[in-house]
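Summary of the model geometry
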Amino acid sequence: MTTCSYSALIRYAIIIILINTLPGTAWAWGFFGHRLINRLAVYTLPPEMIGFYKANIDYLTDNATRPDSRRTVVPGEAPRHFLDVDVYGDSAIYKLPRSYPDAVAQLGEDSLLRHGIVPWQVARMKGQLTAAFQAHDTDRILHLSADMGHYIADACVPLHTTHNYNGQLTGQRGIHALWESRLPELLSSGYDFFTGPAPTSTDPRKLSGALWAAPTPPSTQCCAWSGS
């Protein structure tokens, strides 16, 4: 099977980010949501890419949840799914080092692993995916694409960007599953998923900028859902 170019790789990653930040869907990532997002992302791809990914759309859909399946059994997997932005102080999303070695030097790896590393994980996977395209390794391209879609989706969930991720600090324990799993399962038939063709870019700096714009922490009132 013909593989895609490096520029196509960048397009795919940015498209995943863009579709994950659509109003009304940005928080909807349980197993149902992850599979749906990976699948819908394929349909926004440009003509030179859609054939490759559409031919493998079932693989991308079925394996969208694979990182969650290994989260509790693979050491070091859990921190790849979140970033507790609020523990790093005001405007941390603009101040945190973009380079993982720089982040380790500034914050310490213990702190990073405790509070999450999802933006750095996606950046690392971009490098791996680039190498897979350059090697024309179709199996690895698909494997990494499915996983990368999962991590970017997680980065766009507000409750994946706060220490109070499950309402446990505000007497609202269980809000995480309600917010990202149960509500989409019940209400997604009313969501508008039409996006049209996604904008693309071959500039890795724009990818980095979009990635770090994704982990937007909720306000202090984000979890103030009373259930009424």
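Attention in this report is confined to the structure presented alongside it. (Residues numbered from 1 in each chain as written. Predicted model: local features only at pLDDT ≥ 70, side-chain atom pairs only at ≥ 80, totals over all residues. Heavy atoms only, no water.)

Some words on the nonpolar core
Taken as a class, soluble globular proteins show a tendency for nonpolar side chains to be buried jointly. Tyr53, Leu83, Trp120, Val122 and Ile141 are the most contacted members of the largest nonpolar core, which totals 32 residues. Here this core gets eight residues from one element, more than from any other, and that element is helix α10 (residues 138–155). (Core = buried A, V, L, I, M, F, W, Y, C linked by side-chain atoms within 4.5 Å. Buried < 20%, exposed > 50% of the residue type's maximum accessible area, 1.4 Å probe, protein only. Helix = DSSP H or I, 4+ residues; strand = E, 2+ residues; numbered from the N terminus.)

Topic: the environment of Leu60
Take Leu60: it is sitting in helix α4 (residues 57–62). Distance from Leu60 to Leu36, taken between C-alpha atoms, is 9.8 Å for residues 24 residues apart in sequence.

A short note on the pattern of salt bridges
In this structure the tally under the stated criterion is six salt bridges. Across the salt bridge formed by Arg39 and Asp58, the nearest N and O atoms sit 3.1 Å from each other. Pair noted here: Arg39 is in helix α2 (residues 31–42) and Asp58 is in helix α4, with a separation of 19 residues, a long-range link. In this structure, Arg182 and Glu185 form a salt bridge, with 3.8 Å as the shortest nitrogen-oxygen distance. You can see Arg182 and its partner Glu185 sitting in helix α11 (residues 175–187), three residues apart, about one turn around the helix. Note on Arg182: relative accessible area 44%, which makes it partly exposed. Within the structure, one salt-bridge network assembled from shared partners comprises Arg66, Arg70, Glu77, Arg80 and Asp147. (Salt bridge = Lys/Arg side-chain N within 4 Å of Asp/Glu carboxyl O.)

Points about helix α3 (residues 47–54)
Where α3 is concerned, the buried positions are Met49, Phe52 and Tyr53. For α3, the angular spread of the buried residues around the axis is 90°, confining them to a single face. (Arc of directions from axis to C-beta.)

Side note on the side chain of Asn63
Counting through the fold element by element, Asn63 comes out in the loop between α4 and α5 (66–69). For Asn63, the side chain forms a polar contact with the main-chain oxygen of Tyr59, separated by 2.9 Å. A distance of 3.1 Å separates the side chain of Asn63 from the side chain of Arg66, its partner in a polar contact. When neighbours within four sequence positions are excluded, Asn63 is seen to be in contact with Ala146 and Asp147. (Polar contact = N/O pair within 3.5 Å; in protein donor to acceptor, adjacent residues only side chain to side chain. Contact = heavy atoms within 4.5 Å.)

Some details on helix α9 (residues 118–134)
Relative to the 24 Å expected for 17 residues at 1.5 Å per residue, α9 spans 24 Å between its end C-alpha atoms, a close match to the ideal helical length. Those residues of α9 that sit buried are Val118, Pro119, Trp120, Gln121, Val122, Met125, Lys126, Leu129, Thr130, Ala132 and Phe133. Phi for His136, located one or two positions after α9, is positive at around 55°. (Expected span 1.5 Å × (residues − 1).)

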